[in-house]
Structure formats: structure tokens, C-alpha cells
Amino acid sequence: MRRTCTVLVSLALVIAVGGCDSAVRQQQAAEQRAAEQGPPPPARIPQACQVNGRTPKIGIITINLQALFFNQINTGARRVADQVGAQVQIVNGNDDSTVQANAIDDLVANDYDAIIVDAVDTDGIKPAIRRANAAGVPVVAVDATVDDPAVSAQVGTANAEGGKQLGEALLGISGGQGEIGVVSALGSTIQLERQKGFTDEVTAHGMRIGTVVDGRNVQENAQAASENLLTGNPNLPYAYATGEPALIGLAAAVGSQGRTDRIKVVGWDLSAQAMDGLRAGWIKAVVQQNTFQFGYESMAAAIDLACGRPVPRDIPVPTQIVTPENVAQYAYYLER
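Residues numbered from 1 in each chain as written. Predicted model: local features only at pLDDT ≥ 70, side-chain atom pairs only at ≥ 80, totals over all residues. Heavy atoms only, no water.

Focus on the pattern of salt bridges
Part 1: In this structure the tally under the stated criterion is 13 salt bridges.
Part 2: Lys 164 is paired through a salt bridge with Glu 168; the nearest N and O atoms lie 2.6 Å apart. Of the two residues, Lys 164 and Glu 168 both sit in helix H5 (residues 159-174), four residues apart, roughly one turn of that helix.
Part 3: Between Lys 164 and Glu 201 there is a salt bridge, with its nearest N and O atoms 4.0 Å apart. Here Glu 201 lies in helix H6 (residues 189-204) and Lys 164 lies in helix H5, a separation of 37 residues in the sequence.
Part 4: By relative accessible area, Glu 201 is classed as buried at 12%.
Part 5: Here the salt bridges do not stand alone but share partners, grouping Arg 44, Asp 304 and Arg 309 into one network. (Salt bridge = Lys/Arg side-chain N within 4 Å of Asp/Glu carboxyl O. Helix = DSSP H or I, 4+ residues; strand = E, 2+ residues; numbered from the N terminus. Buried < 20%, exposed > 50% of the residue type's maximum accessible area, 1.4 Å probe, protein only.)

Notes on the state of the cysteines
Part 1: For the structure on display, the rule yields one disulfide.
Part 2: Through a disulfide, Cys 49 is tied to Cys 307; the S-S separation comes to 1.8 Å. On the S-S bond that ties Cys 49 to Cys 307, the torsion sits near -80°, and the link is left-handed. Of this pair, Cys 49 sits in the loop between helix H1 (2-37) and strand E1 (57-62) while Cys 307 sits in the loop between helix H10 (291-306) and strand E11 (314-316), placing them 258 residues apart in sequence.
Part 3: Classification of Cys 49 by relative accessible area gives buried; the value is 18%. (Disulfide = S-S within 2.5 Å.)

Quick look at the structure:
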């Protein structure tokens, strides 16, 4: 009898391991298919034109070139520009609003026909955008909302609404109880909007916001801030990260402190680290903005404006909620 039980237990373990291996293989195959397929193509390519006897010159001023998020916007924009034949110059804002403002002035001085900007400081960038507008150079704001009449078009998502969606997801997991640590970027207008939308939702339904740390939108800083957050709160059950560097830093800190079995995380923007956390199940939900479509739409708008064609003032791009259950569908977001 003892021998029979041992055989049955061993057989059960083999079946369990085999089933686990099969699930992993299926997940890997699904992710490979999604990565090979890549992002959906642009829905619309604007008509080519000549500006002063040449193809349009479009400048793109990004926040930084470290995050996949911004690189994917650039990739999408280049894809549209290449099909139209437009010339593109990408400027690294290096997380500095002054650098971005100077870049706008430089592009205007060098006869660029339209400018796309993802603003670090949505108020601080306004004087430079107004100067460009006065010089006859249209500016398309992408991602970060710049509320100013000098902006010709705004491409982006509702950041506060995305924060609210993650708040709703966490409330469903927590039952409306528990403390939440936050890894934010306190100098970023975008991430403060995401923080407020999330905070308003969870606190209205009984949860508490505990320690908020500033990752400054830089991965290394976000990891150090996250380490401090977790060290100072050894029993913290939940955490929220407001952007890609914040979520990467938080994931690294959770891993280094061996907390994956004791904390549940929600946050913004996919990365390799976020995908790993989703696969493992301790990252519960990630708001993924359609970065490639940001690039498609902003470049299409910029080319239309450079060619003298009207564009809508607001061009919304929907978000996607990535969970452990559907993560395989979004593997293409790990590509630049």
C-alpha cells in the first residue's frame, strides 16, 4: 500500500509538472507570435506634399531616449514619415524642460515645418510653443497634455482616467482595504495626473495612500527610491508605479528584497521587467498606452499641418489594461 501511494504521488507530481511545462510553452509560443506580428500598422498615411520645393521637415522632441515608451513613439512616427518621405530629426529632451524649450527654438530657426513634443513640464514649455506658433511652425503635443491655444493638435490619452482604472483594478484585488505605497515622478505633470486619478479612486473606497517616493522618471533613481519605500514599510501589501521607469525600479526593488510573494503591484507601461512580474502574477495590472499609435497619429498630424491641411484639435488614443491573463498578447511592446 505504501509503495502504491508513493507511485501515485510521484505520478501526480509528474502530471502537475508536465501540465505546468505545457502552460509555459503555450505562453512562450503566444508571446513569440505576438512579437513576430508586431504592432498594428498605421490606420492612415497622410498624403505626401512639397513644402518650399522639398519634402516636409518634422522635428520630434522626446522626454528621453532611455524608456521603451518614448522610443516606440519615435518608431511609430518614423514609420509614417518613411512612407510619406518626410525628413525627421529626433531631439533628446534628457528629462529637462529647458533643453526641450531650446530645441523648439532651434528647430524653428532651422526651418522645420512642424514639431512634435512630449513635454516634461507642460506649463514650462508653453512660451517656446507660442514662439513657434508666432513663427508659423505648428506644434503637435503628444502624450503630455499642453493646454494652450498655440498647440495645433494634442495626441494622447487621459492620464487621470488611466490612474482611476488602475485604482479600480486594485480595489477589486484588495476589497478596498490596505495601504498603498507610490513610486512617482514628482516633476512630471503626466505622472502627477496619473497619481491623482489613482489616489482619488482608491481613497474614496477605503484604501490608504502611505509613503510616496520620487523616482524622478529615471530607472536608477526609481529603484533607489523603491528600495527605501520597501525598507521603510516591511509589511506594505500594495504599491503603485506611475510610469515606466517607476515600475521598472519598483520591480527591481521587489525582486532584490524577495517580496514577490508579499506585495501586489499595479502601474504604467510595459517593459521586460513588468512582463516578468505579470507572468509571475505579483504585478496585477499595467496600463499600456498604445505608444506606436502615438507615433503614427502625431506624425500624421504634423505632416498634414506642414502641408497646410486641417487636423482635429484633439486626437485621443485608447489605453489597454494588461493583466497576467492577457500579457502574451502584448509581447510586441518589448520591441523598440
